[in-house]
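A look at the structure
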Amino acid sequence: MSTAFQSYALSGKQLANRIVMAPMTRSRAYDDGQCVTDLSATYYAQRASAGLIITEGTQPSVVGQGYPATPGIHSAEQVAAWRKVTDAVHAEGGVIYLQLMHTGRVGHPSLMGLQPVGPSAVTAKGQVYTQSGPQDFVTPKELTEAEILETIADYASSARNAIEAGFDGVELHGANGYLIHQFLAPSSNRRTDGWGGSPQARIRFAVETTKAVAEAIGADKVGFRLSPGNPFNDIDESDRADVEATYTALVDELAPLGLAYLHQMEAPESRDLTLRLRKQFPGTYILNPFTAPQPTGPEALELIENGTADLISFGALFLANPDLPKRLAAGGPFNAPDPAAFYGGDHTGYTDYPTLD
């Protein structure tokens with residue numbers, strides 16, 4: 001499996017290896033300004049041996065926040081706070097992209113004092129965690145066309161903020177049932193105007209947002225994450241023919257833009273589509289393979305060797321093993337992640353996982 005540990009050229013950056021730290025929400029931006037802390041800088045710097053770090057989802061606007069204590073990138077204070085993170089990672093020789101995540105209908109008015117928004121006024125089934133505990137999802141406000149354009153502008157502005165904060169690029173979160181994914185899926189996008197209906201119309205928001213961000217900071221600094229068929233956050237993409245039509249159309253539109261990469265979070269029984277999209281996209285392909293109920297482990301490196309992907313992203317295993325590339329090269333051992341410390345809390349289960357050394 002030597003290929004995984006070889007350097008890789010990504011948009012003018014030489015990655016130390018082909019092992020990626022996947023974006024993972026940690027909910028530790030506790031102050032009123034939704035700013036990351038010095039502890040966050042330590043956390044990411046500890047993991048700088050990754051070929052590429054992709055940060056936790058970060059809201060591009062106030063209304064884009066869906067969970068308590070998630071960070072933003074829409075204020076000067078947030079930019080300054082993130083600068084400490086990028087400086088710390090770069091000092092260790094790492095490369096780091098910021099994930100832009102607007103949660104759309106996933107959220108609650110108690111979090112930010114605003115009604116969540118979405119492509120259509122369709123309530124997600126289930127609950128969201130708030131400061132007062134789990135609460136039922138509410139019906140989102142359907143975005144007007146003017147508000148859609150404002151939201152796209154928010155993405156572009158926050159991407160510029162990310163570059164000002166020292167990030168090497170940004171990743172647009174088009175997966176896991178958040179706003180861009182909500183536009184892609186027919187269950188959450190019931191619009192009949194130019195932003196919904198056919199697969200070509202449902203991909204419009206994703207494509208226009210990507211183009212706006214690429215124009216703002218350069219396409220070579222923009223990645224896009226997608227998760228075809230992922231039911232998370234009450235997304236229904238069970239119609240396989242529609243999923244294939246939607247995502248092949250989306251990748252057709254993204255392919256000529258010159259993006260840094262496409263990053264797929266794989267759903268169950270979707271390897272055929274993975275291989276098709278991989279072949280369709282001309283640039284770097286990052287895969288977070290479906291391995292549930294187990295975290296993505298060392299066996300996934302075979303997917304680099306056989307050409308399924310250029311790079312492999314690891315989530316929970318990277319959370320618990322700050323020196324994951326070294327451990328993968330050595331064949332382990334691996335620290336076990338502590339789910340009780342995934343969201344919120346102090347340094348415990350955040351910066352206290354031991355390294356091999």
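Scroll up to find the structure.
To keep things clear, this report deals only with the structure shown in the data block. (Residues numbered from 1 in each chain as written. Predicted model: local features only at pLDDT ≥ 70, side-chain atom pairs only at ≥ 80, totals over all residues. Heavy atoms only, no water.)

By size, the foremost hydrophobic cluster in this structure holds 80 residues, and its most contacted members are Tyr 44, Trp 82, Phe 205, Phe 224, Leu 250 and Phe 314. Discounting chain neighbours no more than four positions away, the residues touching Phe 314 are Ile 19, Val 20, Met 21, Ala 22, Asn 288, Thr 296, Gly 297, Pro 298, Leu 301, Leu 324 and Leu 328. Grouped together as the second largest cluster of nonpolar side chains are 12 residues, Leu 10, Val 95, Ala 260 and Leu 311 included. (Core = buried A, V, L, I, M, F, W, Y, C linked by side-chain atoms within 4.5 Å. Buried < 20%, exposed > 50% of the residue type's maximum accessible area, 1.4 Å probe, protein only. Contact = heavy atoms within 4.5 Å.)

We now examine the environment of Pro 289. Turning to its location among the elements, Pro 289 is positioned in the loop between strand S13 (284-288) and helix H10 (302-305). For Pro 289, a relative accessible area of 5% gives the class buried. Considering only alpha carbons, one finds Pro 289 and Glu 171, 118 residues apart in sequence, at a separation of 18 Å. Aside from chain neighbours lying at most four places away, what touches Pro 289 is Glu 266, Arg 271, Thr 296, Ala 300, Leu 303, Ile 312 and Ser 313. (Helix = DSSP H or I, 4+ residues; strand = E, 2+ residues; numbered from the N terminus.)

All told, the structure shown has 12 salt bridges when counted by the stated rule. The closest approach of N and O atoms between Arg 240 and Glu 269, which form a salt bridge, is 3.4 Å. Highlighted residues: Arg 240 in helix H8 (residues 240-254) and Glu 269 in the loop between strand S12 (261-265) and helix H9 (271-280), separated in sequence by 29 residues. When sorted by exposure, Arg 240 lands in the same class as Glu 269, which is exposed. (Salt bridge = Lys/Arg side-chain N within 4 Å of Asp/Glu carboxyl O.)

By the criterion of burial, S12 is predominantly enclosed, with 4 of the 5 residues buried. Pairing geometry for strand S11 (residues 222-226) and S12, over 4 bridges, is parallel. The partner of Leu 226 across the bridge, within S12, is Gln 264. Read from S11 through H8 to S12, the crossover connection turns out right-handed. One ladder, built from 5 bridges, connects S12 with S13; its direction is parallel. Bridging from a neighbouring strand, His 263 pairs with Ile 286 of S13. Once the chain exits S12 it traverses H9 before rejoining the sheet at S13, and the crossover so formed is right-handed. (Pairing = 2+ DSSP bridges. Right-handed = clockwise from strand over helix to strand, strands pointing away.)

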